[in-house]
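# Survey of secondary and tertiary structure
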Amino acid sequence: MQIRKIRSGEVEEALALAYEVFMEFEAPDYGQEGVDSFRRDVVENERFIARCRQGECPIYAAFDGDRMMGMMGLRAGKAHISMAFVKREYQRQGVATAIFQYLLADILKKDPALREVTLNASPYGMPFYLHIGFEPRSEEQEQHGIRFTPMKYLIPSR
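Description of the structure in this document. For every chain, the first residue of the written sequence is number 1, and numbering continues from 1 onward in sequence order. At least 70 in pLDDT is required for a residue's local features to be given in this predicted model, at least 80 for side-chain atom pairs to be given and counted, and no such filter applies to totals for whole chains, interfaces and linings, which use all residues. Think of the side-chain values as coming from all heavy atoms in the structure, minus any hydrogens and water.

Time to look at the overall build of the protein chain. Along its length, the protein chain carries five helices and eight strands. Numbering goes from the N terminus for both helices and strands, where a helix is a DSSP run of H or I of at least four residues and a strand is a run of E of at least two. Moving toward the C terminus, one meets the helices and strands of the protein chain in the order β-α-α-α-β-β-β-α-β-α-β-β-β. The size measure is the radius of gyration over C-alpha atoms, and the globule rule it meets is 2.2 Å times the number of residues to the 0.38 power. In terms of overall dimensions, the protein chain is globule-like: its C-alpha atoms have a radius of gyration of 15 Å, near the 15 Å expected for 158 residues. Seen through its C-alpha atoms, the protein chain measures out along the principal axes to roughly 45 × 35 × 30 Å. Working definition: with a 1.4 Å probe on protein chains only, accessible area under 20% of the residue-type maximum means buried, over 50% means exposed, and in between means partly exposed. Burial status across the protein chain gives 47% buried among its 158 residues. Contacts between residues were defined by any pair of non-hydrogen atoms, one from each residue, lying within 4.5 Å. For the protein chain, the proportion of contacts with a sequence separation of at least 24, taken over those separated by at least 6, is 61%. Using a 1.4 Å probe, the Shrake-Rupley method yields the accessible areas, and only the shown protein chains count as cover for residues. Accessible surface for the protein chain amounts to roughly 8500 Å². Of this, 49% is attributable to carbon and sulfur atoms. For the charge count, each Lys or Arg is scored as positive and each Asp or Glu as negative, with His and the chain ends excluded. Just so you know, the charge point we use is NZ for Lys, CZ for Arg, CG for Asp and CD for Glu. Taking the average place of the 21 positive charges on the side chains of the protein chain and the average place of its 23 negative ones, the gap between the two points comes to 6 Å.

By the element assignment, alanine 18 lies in helix H1 (residues 11-26). Assessed through its relative accessible area of 0%, alanine 18 is described here as buried. In this structure the C-alpha to C-alpha distance between alanine 18 and tyrosine 129, which are 111 residues apart in sequence, comes to 17 Å.

Put simply, a salt bridge is a Lys or Arg side-chain nitrogen that is within 4 Å of an Asp or Glu carboxyl oxygen. Inspection of the entire model under this criterion finds 13 salt bridges. As a salt-bridge pair, glutamate 140 and arginine 147 come within 2.8 Å of each other at their nearest N and O atoms. On the accessibility criterion, glutamate 140 (41% relative accessible area) is partly exposed. Since its relative accessible area comes to 25%, arginine 147 is described here as partly exposed.

On to the packing of aromatic side chains. Put simply, two rings from Phe, Tyr or Trp (the six-membered ring, in Trp's case) pair if the centres are within 6.5 Å, and we call them stacked under 30 degrees between planes, edge-to-face over 60, tilted for the rest. All told, the structure shown has 11 aromatic pairs when counted by the stated rule. Summarising the aromatic geometry, the rings of tyrosine 19 and phenylalanine 38 are spaced 6.5 Å apart at their centres and angled 10 degrees between planes, so their arrangement reads as stacked. Here phenylalanine 38 lies in helix H2 (residues 32-43) and tyrosine 19 lies in helix H1, a separation of 19 residues in the sequence. Owing to a relative accessible area of 9%, phenylalanine 38 belongs among the buried residues under this scheme.

Before going further, it helps to examine the environment of serine 37. Position of serine 37 relative to the elements: it lies in helix H2. With 108 residues separating them along the chain, serine 37 and glycine 145 place their C-alpha atoms 7.2 Å apart. Those residues in contact with serine 37 that lie beyond four places of it in its chain are Val42, His144 and Ile146.

This next bit is on the packing of H1 against helix H3 (residues 46-53). At a closest axis distance of 10 Å, the pairing of H1 and H3 adopts a crossing angle of 125 degrees. One way to sum up the angle between H1 and H3 is to call them oblique. For the pair H1 and H3, the sense of crossing is right-handed. From H1, Val11, Glu12 and Leu15 reach across to H3, where they touch Phe48, Ile49, Cys52 and Arg53. In this count, Pro and Cys sit with the nonpolar residues alongside Ala, Val, Leu, Ile, Met, Phe, Trp and Tyr, while Asp, Glu, Lys and Arg are called charged and the others, Gly among them, polar. Residue composition of the contact of H1 with H3, grouped by class: five nonpolar, no polar and two charged. Orientation is described by axes fitted as lines to C-alpha atoms, over the contacting stretch for helices, and by angles from 0 to 180 degrees between their N-to-C directions. Under this scheme an angle from 65 to 115 degrees is roughly perpendicular, one under 35 degrees roughly parallel, and one over 145 degrees roughly antiparallel; angles in between are oblique. Note: crossing handedness is left-handed where the near helix turns anticlockwise from the far helix by less than a right angle, and right-handed where it turns clockwise.

Here it is as structure tokens:
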């Protein structure tokens, strides 16, 4: 498994992976509004796609040879994971954990004083985030049909 920041030309592949996994594992927890919101705001959002291509919203991915297995994206200018998806056949094999560890090491190089990473966990992703050390910051919420629990990961002192 190789993990790295994706290249500009791989953004569409990463977002297609995200949409595929979202539809399989997340969409059943949401109504049509949530599915439409994810597609509109992520997969079909040209402004967001352009920002990803320019590296403003970095995406990290794990590869099995040249096949993308999973990905995690960061919000522009923030230590906030905006999406994390792993293909079905690679789930529960440490792929997402490895991507998170790589992403964390990379952002700590740029900001060694960073103390926490945040995200909004979907119902499906919640057990994974709890497993790797994220803690809920509040109760589950819903916006535009998307259910999530705000979470934070406190970075241990180094």
